[in-house]
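One letter stands for each residue in the lines below.
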Amino acid sequence: MKRINVDIDDMRAFRALVETGSFRTAAEDIGVSPSALSRQITRLESRVGSRLFDRDTRNVALTPQGQVFLRLAERILNTTENAMVEFKAYQAARRGRLTIAGLPSVTAGLLPKLVQQFLDAHPDVDVQINDVLSNGIIREVELGEADLGFTAGAVEVSERLSFQKLLTDRFVAVGAPGGPLDERRTYGWHELVCLPFVAMAKGTSVRTLTDAACAQQGLLFRPRFEVSHLATAGAFVSQGLGVTALPALTLPVLGREPLIFRPLGQPELLRDIGLIWRSGRTLSPAAVAFLELVRKTNLAAQIPDPFAN
């Protein structure tokens, strides 16, 4: 079957002639000369293999074939125009999908306000949050499963990843009221590791940094408990089962149980919170808009002050 090649401009010219009934008026509407429009319609009729208009020096009228072609042309033009409207909305970050991967402590501590601000400006963008561990974040971003990734600790910047540091998060000592951290002072790691310690599971960014701090001081670190979730750590500490050390950004995730927080030193332990995305790949308009929002937001102000009271 012979393929009919008809482009959108031909259909728009055809529709303009139907609507005006005049080559001169239709030509003015689409910005061509009457003779050019006449040649375009003649070529269109040749391509479809049917006369679409009966015309003389004064009148232009659709043929039966032209009436059928009009219905098809309207359908195609409406689909095309709707598609372009949708694409322009996507380009303006009014539509589309944004997937963000992040550590649970980061997504809980930073993302709620950021996502709310983003959706206030871009309400029709579908936002998906993936809570994953550090290696999972890197993997999702590298594979294109996430547009952006919030990470903690050192990230090796490579040809595959771009990294932007956002803020520094400080570790604090966490205990139960009436427990071994009741004294208001700075505690050292050598003191904490001698107490029953509730540690985050291996593979988490918090555990990696905790192990590094103890190794730096030559401390033997044998936690009493190892847990995978911050809320579990908070519940164990609140129950008096041990103490822990966590970044300040994680504290709102610990739960509502009564806890006390103390400065932690010897050494002071910091973790960098940053954002990663694939290098050499064009970000979607929604991802660009979110990245711009992150860059202009004072994220450090969102870290709670555990010693405010």
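In short, a report on the structure.

### Structural notes on the pattern of salt bridges
- Inspection of the entire model under this criterion finds 14 salt bridges.
- In this structure, Asp10 and Arg47 form a salt bridge, with 2.7 Å as the shortest nitrogen-oxygen distance. Of the two residues, Asp10 is situated in helix α1 (residues 8-20) and Arg47 in helix α3 (residues 34-48); the sequence distance between them amounts to 37 residues.
- Between Arg185 and Glu191 there is a salt bridge, and its shortest N-O distance comes to 2.6 Å.
- According to the relative accessible area criterion, Arg185 is partly exposed, its value standing at 28%.
- Several salt bridges converge on common partners, so that one network encompasses Glu183, Arg185 and Glu191.

### What to know about the layout of surface pockets
- Taken as a whole, the largest pocket holds about 270 Å³ of empty space.
- Lining the largest pocket are 16 residues, with Pro104, Leu133, Met200, Thr204 and Ser228 positioned closest to its centre.
- Listing elements by their share of the lining of the largest pocket, those giving two or more residues are α5 (104-109), α9 (205-216) and α10 (230-238).
- Looking at side-chain class alone, the lining of the largest pocket contains nine nonpolar, five polar and two charged residues.

### Re the packing of helix α2 (residues 23-30) against α3
- Following both chains from N to C, one finds α2 and α3 inclined at 95 degrees, their axes separated by 8 Å at the closest point. Taken together, the axis directions place α2 and α3 in an arrangement best described as roughly perpendicular. Touching Phe23, Arg24, Ala26, Ala27 and Ile30 of α2 are Pro34, Leu37, Ser38 and Ile41, all from α3.
- Grouping the amino acids of the contact of α2 with α3 by side-chain chemistry returns seven nonpolar, one polar and one charged.

### Points about the side chain of Asn130
- Tracing the backbone through its elements, the reader meets Asn130 in strand β4 (residues 126-131).
- Here Asn130 is in contact with Thr99, Ile100, Ala101, Gly102 and Glu140, once residues within four sequence places are set aside.

Rules of the game
Residues numbered from 1 in each chain as written. Predicted model: local features only at pLDDT ≥ 70, side-chain atom pairs only at ≥ 80, totals over all residues. Heavy atoms only, no water. Salt bridge = Lys/Arg side-chain N within 4 Å of Asp/Glu carboxyl O. Helix = DSSP H or I, 4+ residues; strand = E, 2+ residues; numbered from the N terminus. Buried < 20%, exposed > 50% of the residue type's maximum accessible area, 1.4 Å probe, protein only. 1 Å grid on protein atoms, 1.4 Å probe; cavity = no way out; pocket = protein on both sides within 12 Å on 5 of 7 lines; lining within 4 Å. Points joined across faces, edges and corners; volume = space filled by probe spheres on them. Nonpolar A, V, L, I, M, F, W, Y, C, P; charged D, E, K, R; others polar. Axes fitted to C-alpha atoms, helices over the stretch in contact; angles between N-to-C directions. Parallel < 35°, antiparallel > 145°, perpendicular 65-115°, else oblique. Contact = heavy atoms within 4.5 Å.

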